[in-house]
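# Tertiary structure, described
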Amino acid sequence: MPKPPTSLLLAHYWRSSCSYRVRIALGYKRLAYESTFVNILDGEQLLPQNTARNAIGHVPTLTIDGVPYGESVAIMELLEDLYPDPALLPKAPRARARVRELVETINAGIQPLQNLSVLDRVGDSKTEQEKRTAWMKHFIARGLKAFEALVVRADAEPAGEPDAGGLAGPFAFGGTFSMADACLVPQVYAARRVGVDLTPFPRLVRADGAACALPFVAAAKPEAQADAKA
Ligand SMILES: N[C@@H](CCC(=O)N[C@@H](CS)C(=O)NCC(=O)O)C(=O)O
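Description of the structure in this document. (Residues numbered from 1 in each chain as written. Predicted model: local features only at pLDDT ≥ 70, side-chain atom pairs only at ≥ 80, totals over all residues. Heavy atoms only, no water.)

### What to know about the side chain of Glu148
Along the chain, Glu148 turns up in helix 6 (residues 129–156). The buried charged residue Glu148 lacks any salt bridge partner; its closest oppositely charged side chain belongs to Arg203, at an N-O distance of 6.9 Å. When neighbours within four sequence positions are excluded, Glu148 is seen to be in contact with Pro200, Phe201, Pro202, Arg203 and Leu204. (Helix = DSSP H or I, 4+ residues; strand = E, 2+ residues; numbered from the N terminus. Buried < 20%, exposed > 50% of the residue type's maximum accessible area, 1.4 Å probe, protein only. Lys, Arg positive; Asp, Glu negative; His and termini not counted. Salt bridge = Lys/Arg side-chain N within 4 Å of Asp/Glu carboxyl O. Contact = heavy atoms within 4.5 Å.)

Shown next as structure tokens:
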């Protein structure tokens, strides 16, 4: 078992879904960390102190013993490599690919499209909020529909098959919490905020409920963060 790092500093924002993923992963791995907050509504992500650690000007960044790492999935993969137990990914290569497929359905297929810098191109934040919301709802529902289909397909695989999720849940990929859940919970939170109808996605709602009942997931939720606004 590798030694815990001397220091972990997370630059994050309470309502950033990518920050929320990393908070969940850190909690799952039982790693304590310090926080520095970056208010992305005030544009703090573009200030030199943030771009010095995160070249594109995003949150989150995890600084490990003074060395910054950006991109939430790369951060979770790094934590997995450094601290493999408890695991965020299954060991079997094909099951591992299935979890990564779920992760990327959100990370590549939804989240970039709901980003502030993208929404600002869709419509003005003061005068065209409806247009922005409609855009987000469309792309979130499209991605969650795919996520639901992938989870249902994995549930249906006979146990022991390489792609089987096994046990039909309750989590996104079988009976064990994984990186797919660390991505799903923040995405469902964002979906609810913008009013996406989740009734077509019962399996995904069940996985979200199972994950949110875990104490480390509850501790990572936006409202539990020190920079949360009412
Ligand atoms: N792929 C990156 C995306 C990071 C990202 O888009 N962060 C958002 C918050 S979830 C952000 O900083 N947005 C600020 C902006 O769009 O200016 C990751 O997974 O960390």
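### Considerations on the packing of aromatic side chains
Per the stated rule, a full pass over the model turns up seven aromatic pairs. Ring geometry for Tyr13 against Trp14: centres 6.3 Å apart, planes inclined by 65°, an arrangement best described as edge-to-face. Taken together, a centroid distance of 5.8 Å and an interplanar angle of 90° make the contact between Tyr20 and Tyr189 edge-to-face. In this pair, Tyr20 is assigned in helix 1 (residues 17–28) and Tyr189 in helix 7 (residues 179–194), connecting sequence segments 169 residues apart. Tyr189 carries the same exposure label as Tyr20, and that label is buried. Each residue in the set Tyr28, Phe171, Phe177 and Phe216 is aromatic and connected to the rest through ring pairs, giving one cluster. (Phe/Tyr/Trp six-rings, centres within 6.5 Å; stacked < 30°, edge-to-face > 60°.)

### Here's the deal with the pairing of strand 1 (residues 8–12)
Summarising burial for strand 1: four of the five residues are buried, a large majority. Bridge analysis of strand 1 against strand 3 (residues 61–64) gives four bridges, and the strand direction is antiparallel. Following the sheet pairing, Ala11 is matched in strand 3 by Thr61. Strand direction decides the pairing type here: strand 1 and strand 2 (residues 34–37), joined by four bridges, are parallel. Of the residues in strand 2, the one forming a bridge with Ala11 is Thr36. Taken together, strand 1, helix 1 and strand 2 form a β-α-β motif whose crossover is right-handed. (Pairing = 2+ DSSP bridges. Right-handed = clockwise from strand over helix to strand, strands pointing away.)

### Quick word on the packing of helix 1 against helix 3 (residues 72–82)
Where helix 1 meets helix 3, the closest approach of the two axes is 9 Å, and the angle between their N-to-C directions is 10°. Here helix 3 runs roughly parallel to helix 1, going by the angle between their axes. Residues Cys18, Arg21, Val22, Ala25 and Leu26 of helix 1 form the contact with helix 3, whose own contacting residues are Ser72, Val73, Ile75, Met76 and Leu79. A per-class count over the contact of helix 1 with helix 3 returns eight nonpolar, one polar and one charged. (Axes fitted to C-alpha atoms, helices over the stretch in contact; angles between N-to-C directions. Parallel < 35°, antiparallel > 145°, perpendicular 65-115°, else oblique. Nonpolar A, V, L, I, M, F, W, Y, C, P; charged D, E, K, R; others polar.)

Take it as geometry only, folks, not as evidence of what the structure does.
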